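Given next are the chains, with one letter for each unit.
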Amino acid sequence: MAVGGACHGLLLVALVLSGCAGAPPPPDAKGGAGDAPDMVRIVGGTFQMGSEDGLADAKPVHPEEVQAFLLDRTEVTVAAYARCVREGRCGEPAANAATGFQQFCNWKHPEGRETHPVNCVTWLEADAYCRAMGKRLPTEAEWEYAARRPDGRTYPWGEAAPDARRANACGEGCVQNGKAKGFDGWKAAPFPDDAYPETAPVGSFPEGQSADGVMDLAGNVWEWTASGYAATYDGVRDEGLRVNRGGGGRDDVSTFRAATRSKNRPETRTGGIGFRCAR
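No experiment lies behind these values; they were computed from the predicted model shown. (Residues numbered from 1 in each chain as written. Predicted model: local features only at pLDDT ≥ 70, side-chain atom pairs only at ≥ 80, totals over all residues. Heavy atoms only, no water.)

Within the largest apolar cluster, 23 residues are counted, with the highest numbers of intra-cluster contacts made by V76, Y81, Y129, L137, W224 and F275. For this core, the secondary structure elements donating two or more residues are α1 (78–86), α2 (123–132) and β5 (222–229). By residue number, the principal contributor to this core is α1, which donates six residues. Ignoring sequence-local partners within four residues, the contact set of L137 consists of W123, A126, D127, C130, W224, T225, A226, F275, R276 and A278. (Core = buried A, V, L, I, M, F, W, Y, C linked by side-chain atoms within 4.5 Å. Buried < 20%, exposed > 50% of the residue type's maximum accessible area, 1.4 Å probe, protein only. Helix = DSSP H or I, 4+ residues; strand = E, 2+ residues; numbered from the N terminus. Contact = heavy atoms within 4.5 Å.)

Here is the structure:
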């Protein structure tokens, strides 16, 4: 997925093997969180969740209270997930293949994508990984709160429109890569390409980080959340559909807004969805 300048400040998700009892520890001097330096502590608070601006399923806007929690600084990488598989605690996601959408899977990719987000993983596998790490998937309220803190911002980095320095999106190189693999009609983002016609290594766009230093909350891959989906926030949530957040690197950059929602069945596998964990 094409976007942005060269990869800098690469952040690799480290595995955390122990659980956390009680309240989260305070952040350390580097913005980590005590015994979980790969995570960021998000202070509790209340925010206005949702949007009235063109997002049909993000209504009604309503106050939502969120307790303090920890959130992975980056999306879970192929390397981190592979360790869980080797230890026998996680099942393998769909591997890269020569045809169909599996051409975009990072697992067992011939190029080697250990620092890229693991994708082609079901909600069930993502949930199992987080539990194996003593963590859990974030709720969509937690996810949106982390992306919009502290001022209700439109994008995780603020109000500026997405550009090549802030998020991994689909540029012209991505569009041509899609065509070469049999997928036509993708729309190129209105900014330059970089070296990533598909996913980028996690943490490649530090200018797009949130106010708390959480990376890649927009672009690269959509992220599974713990929450069931409802077409409106005052509707009944369907646990047979799980909410995805964050926009995907093959989607229009309008999906990078922090209030944007998507949904998929828990058994869905696609190159456009990964995850991060909370605690």
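Side-chain pairs of opposite charge can arise whenever the charged atoms involved come near each other. In total, this model carries 25 salt bridges according to the counting rule given. With a shortest N-O distance of 2.9 Å, E144 and R148 are connected by a salt bridge. Pair noted here: E144 and R148 are both in helix α3 (residues 140–148), with a separation of four residues, about one helical turn. Relative accessible area serves as the criterion here: at 0%, E144 is assigned to the buried category. R153 is paired through a salt bridge with D151; the nearest N and O atoms lie 2.9 Å apart. Since its relative accessible area comes to 53%, D151 is described here as exposed. Within the structure, one salt-bridge network assembled from shared partners comprises E140, E144, R148, R237, R245 and R261. (Salt bridge = Lys/Arg side-chain N within 4 Å of Asp/Glu carboxyl O.)

Here the focus is unusual backbone geometry. Along the chain, K59 connects to P60 via a cis peptide bond; the corresponding omega equals -5°. Tracing the backbone through its elements, the reader meets P60 in the loop between β2 (45–49) and β3 (62–66). The omega torsion across R149 and P150 is -5°, close enough to zero to call that bond cis. Topologically, P150 is positioned in the loop between α3 and α4 (172–180).

So, about the packing of aromatic side chains. Under the defined criterion, the tally for this structure stands at 10 aromatic pairs. Taken together, a centroid distance of 5.9 Å and an interplanar angle of 85° make the contact between Y81 and W107 edge-to-face. Within this pair, whereas Y81 is found in helix α1, its partner W107 is found in the loop between α1 and α2, the two being separated by 26 residues in sequence. Residue class for W107 comes out buried when judged on its relative accessible area of 6%. Each member of the aromatic cluster is reached from another via a ring pair, and the members are Y81, W107, Y129 and F275. Over the face of the ring belonging to F104 we find R250, whose NZ or CZ atom lies 4.7 Å from the ring centre. (Phe/Tyr/Trp six-rings, centres within 6.5 Å; stacked < 30°, edge-to-face > 60°. Lys NZ or Arg CZ within 6 Å of the ring centre and 35° of its normal.)

A few words now on the pairing of strand β6 (residues 238–245). Direction of pairing for β5 relative to β6: antiparallel, over a ladder of four bridges. Note that in β6 the partner of G228 across the bridge is R242. With four bridges joining them, β6 and strand β7 (residues 261–264) adopt antiparallel strand pairing. In the strand pairing of β7, R245 is matched with R261. (Pairing = 2+ DSSP bridges.)

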